[in-house]
Amino acid sequence: MGRQPLWRRVDFIPQITYFKPAGVPLSNLQEVRLSVEEAEAIRLKDLEGLEQEECAQRMNISRTTFSRVLGSARQKMADALLSGKAIKIGGGNFEMAVRRFRCVSGHEWDVPFQTMVTTPPEFCPKCNTPSIMPLQPPGLGWGRGGRGRRHRGRRNW
Ligand SMILES: [Zn+2]
């Protein structure tokens, strides 16, 4: 323990991850990139109406960090809305609240956030095979944003 966890906990991944203003030619279209944790910050604060303190706890980050993530998210949304830019949601340093894994033999099991960020699973708990992979959340063609971790490169089955 000791240092601030790098991964922000996210409960929800948007199904629609691209928004484009009507009537803007593709050649003129500029894009704003909203990370998954920025989308989560907006969801918790502005959609669910939670207090900042609670939002920060839900995402497993400090209140200061939450405030920064939320500020950045709102700034990007405002920029897209008022400057007519497209919004693309994806990437970032996040991990799902619960991640479902599947092994090559078809066993499936859930791994909670805390386990994912400290000791991600290496083997199937039922048959012990190392051929396991996280099931991707809907809406995204990939799981974690940011940096690749141990699971990457193991999807060759
Ligand atoms: Zn198995």
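First, a word on what this report is: a plain description of the structure on this page. Please read all numbers here as calculations on a predicted model, not as lab measurements.

### A look at the overall build of the protein
Then step 1. Tallying secondary structure elements over the protein gives four helices and eight strands in all.
Then step 2. Helices and strands in the protein line up, N terminus first, as β-β-β-α-α-α-β-β-β-β-α-β.
Then step 3. Scored against the burial criterion, the 157 residues of the protein give a buried share of 39%.
Then step 4. Carbon and sulfur atoms form 52% of the exposed surface of the protein, whose accessible area is close to 9000 Å².

### With respect to the coordination of the zinc ion
Angles between donor atoms at a metal ideally measure 109.5 degrees for a four-coordinate tetrahedral arrangement and either 90 or 180 degrees for a six-coordinate octahedral one.
Then step 1. Donor atoms from the polypeptide that coordinate the zinc ion comprise Cys103 (SG), His107 (ND1), Cys124 (SG) and Cys127 (SG), at 2.0 to 2.4 Å from the metal.
Then step 2. With four donor atoms in place around the zinc ion and angles of 104 to 113° between them, the coordination shape is tetrahedral.
Then step 3. Coordination of the zinc ion draws on donor residues from a single chain, spaced C-x3-H-x16-C-x2-C in sequence.
Then step 4. Among the residues examined, Cys127 registers a relative accessible area of 33% and is labelled partly exposed.

### Remarks on the sheet that holds strand S2 (residues 18-19)
Then step 1. On the basis of which strands lie adjacent, the open sheet formed by three strands has the order S2-S4-S3 and mixed pairing. Only two strands of the sheet have a single neighbouring strand rather than two, namely S2 and strand S3 (31-34).
Then step 2. Here S2 runs beside strand S4 (residues 86-89); their pairing, made up of two bridges, is antiparallel. Bridge assignment links Tyr18 to a residue of S4, and that residue is Lys88.

### Some details on the side chain of Lys85
Then step 1. Mapped onto the fold, Lys85 is located in the loop between helix H3 (63-83) and S4.
Then step 2. Side chain to side chain, Lys85 and Asp79 meet in a polar contact 2.9 Å long.
Then step 3. When neighbours within four sequence positions are excluded, Lys85 is seen to be in contact with Pro21, Gln30, Val32, Asp79 and Ala80.

### Some remarks on the nonpolar core
Then step 1. If you look at the biggest cluster of nonpolar residues, it comprises 18 residues, and the most contacted ones within it are Leu34, Ala41, Met59 and Phe66.
Then step 2. Counting residues per element, the ones that place at least two in this core are S3, helix H1 (36-47), helix H2 (52-58), H3 and S4.
Then step 3. At five residues, H3 tops the list of elements feeding residues into this core.
Then step 4. Sequence-distant contacts of Met59, that is, excluding residues within four places in its chain, are made with Trp7, Arg8, Arg9, Glu37, Glu40, Ala41, Leu44 and Phe66.
Then step 5. In terms of nonpolar packing, the next biggest core, distinct from the first, is built from seven residues, Cys103, Trp109, Met116 and Ile132 among them.

The rules we used
- Residues numbered from 1 in each chain as written.
- Predicted model: local features only at pLDDT ≥ 70, side-chain atom pairs only at ≥ 80, totals over all residues.
- Heavy atoms only, no water.
- Helix = DSSP H or I, 4+ residues; strand = E, 2+ residues; numbered from the N terminus.
- Buried < 20%, exposed > 50% of the residue type's maximum accessible area, 1.4 Å probe, protein only.
- Areas by Shrake-Rupley, 256 points an atom, 1.4 Å probe, with all protein chains shown as cover.
- Donors = N, O, S within 2.8 Å, 3.2 Å for Na, K, Ca; no water.
- Tetrahedral: all angles 85-135°; square planar, octahedral: opposite > 155°, others 65-115°.
- Pairing = 2+ DSSP bridges.
- Polar contact = N/O pair within 3.5 Å; in protein donor to acceptor, adjacent residues only side chain to side chain.
- Contact = heavy atoms within 4.5 Å.
- Core = buried A, V, L, I, M, F, W, Y, C linked by side-chain atoms within 4.5 Å.

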